[in-house]
Amino acid sequence: MVYKNSSPPILILNFKNYLEVSGQKCIELAKAAEKVTKSFDARIQIVVAPPQPALSLVKENVEIPVFAQHVDDAKEGSSTGFFIPEISQSFGAEGSLINHSEHRIERPDTIQNLVNRLRQLNMVSVVCARSAQEVSNLARFEPDYIAIEPPELIGSGKAVSKENPSIVTDSLAAAADVSKNVRVICGAGITDAADVKSALKLGAKGILVASGVIKSKSWVDKISELASGY
Ligand code: G3P
């Protein structure tokens, strides 16, 4: 169960569509994340976001929270091919990323609708933003989390917390100006414990990571290393 208000810092592992986690391998990565969670006595909330078709498969194999990478603001019932929050929940999702840099949502009111739908379902919303200005605009929808990720650093191996620390502090200030509840996390280019430490030192409430783990030699070791940054 994801804690909402009094939560430990969060580490969200986005599987994206990396072939390294295709098929049964997505379970292996999720189990690695669960093993690390247990070794840290849940002092860190590790969440995995596998590809949509793997949501229930992963949820059947781990107890840690599973999030969708994206959900659609389509109607229940006759909305072929869309993936709505209610259906994602029925397959085990406890939250979702929204407006990720690689799956942007054009209309702000669509993002607001999705945040509201997730809230009604008691699911966690993690809205992604590319700039502190966008954080300011999106914070008024009161998502549980906003993830600041400068697109140019995504997948670069150059950590946002080191390459562009002011985007993190500006985002924290922008969110705080609009809402007391929204928690700001950061992502893009995070690969080691020092990257995590500098992110938390800037005030981020956690991180969002993908390639730094997925491309690593040992998933358990890399996730442990990132967790040790907390
Ligand atoms: O959603 C996380 C992501 O966009 C960051 O990617 O590969 O730089 O950790 P990466």
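Structure shown above.
Cut-offs used in this document
Residues numbered from 1 in each chain as written. Predicted model: local features only at pLDDT ≥ 70, side-chain atom pairs only at ≥ 80, totals over all residues. Heavy atoms only, no water. Helix = DSSP H or I, 4+ residues; strand = E, 2+ residues; numbered from the N terminus. Rg over C-alpha atoms; globule rule 2.2 N^0.38 Å. Buried < 20%, exposed > 50% of the residue type's maximum accessible area, 1.4 Å probe, protein only. Contact = heavy atoms within 4.5 Å. Lys, Arg positive; Asp, Glu negative; His and termini not counted. Charge placed at Lys NZ, Arg CZ, Asp CG, Glu CD. Salt bridge = Lys/Arg side-chain N within 4 Å of Asp/Glu carboxyl O.

Our focus in this paragraph is the overall build of the protein chain. In terms of regular secondary structure, the protein chain is built from ten helices and eight strands. Against the 2.2 N^0.38 benchmark of 17 Å for 230 residues, the protein chain shows a C-alpha radius of gyration of 16 Å, consistent with a compact globule. Across its three principal axes, the protein chain shows a C-alpha extent of roughly 45 × 40 × 30 Å. For the protein chain, buried positions account for 57% of its 230 residues. At a minimum sequence separation of 6, the contacts of the protein chain that also span at least 24 residues come to 67%. The centroid of the 25 positive side-chain charges in the protein chain is displaced by 3 Å from the centroid of its 26 negative side-chain charges.

With that out of the way, let us pick up the pattern of salt bridges. Going through the model one piece at a time under the given rule, you end up with nine salt bridges. Between aspartate 73 and arginine 117 there is a salt bridge; the shortest N-O distance is 2.9 Å. Taken together, the residues span a long stretch of sequence, with aspartate 73 in the loop between strand 3 (67-68) and helix 3 (85-90) and arginine 117 in helix 4 (residues 108-120) at a distance of 44 residues. On the accessibility criterion, aspartate 73 (29% relative accessible area) is partly exposed. On the basis of relative accessible area, arginine 117 is assigned to the buried category, the value being 14%. Note that glutamate 86 and arginine 117 form a salt bridge whose closest N and O atoms lie 2.9 Å from each other. Remark: arginine 117 occurs in helix 4 and glutamate 86 occurs in helix 3; sequence separation between them is 31 residues.

By themselves, these are just geometric observations and shouldn't be taken as functional.
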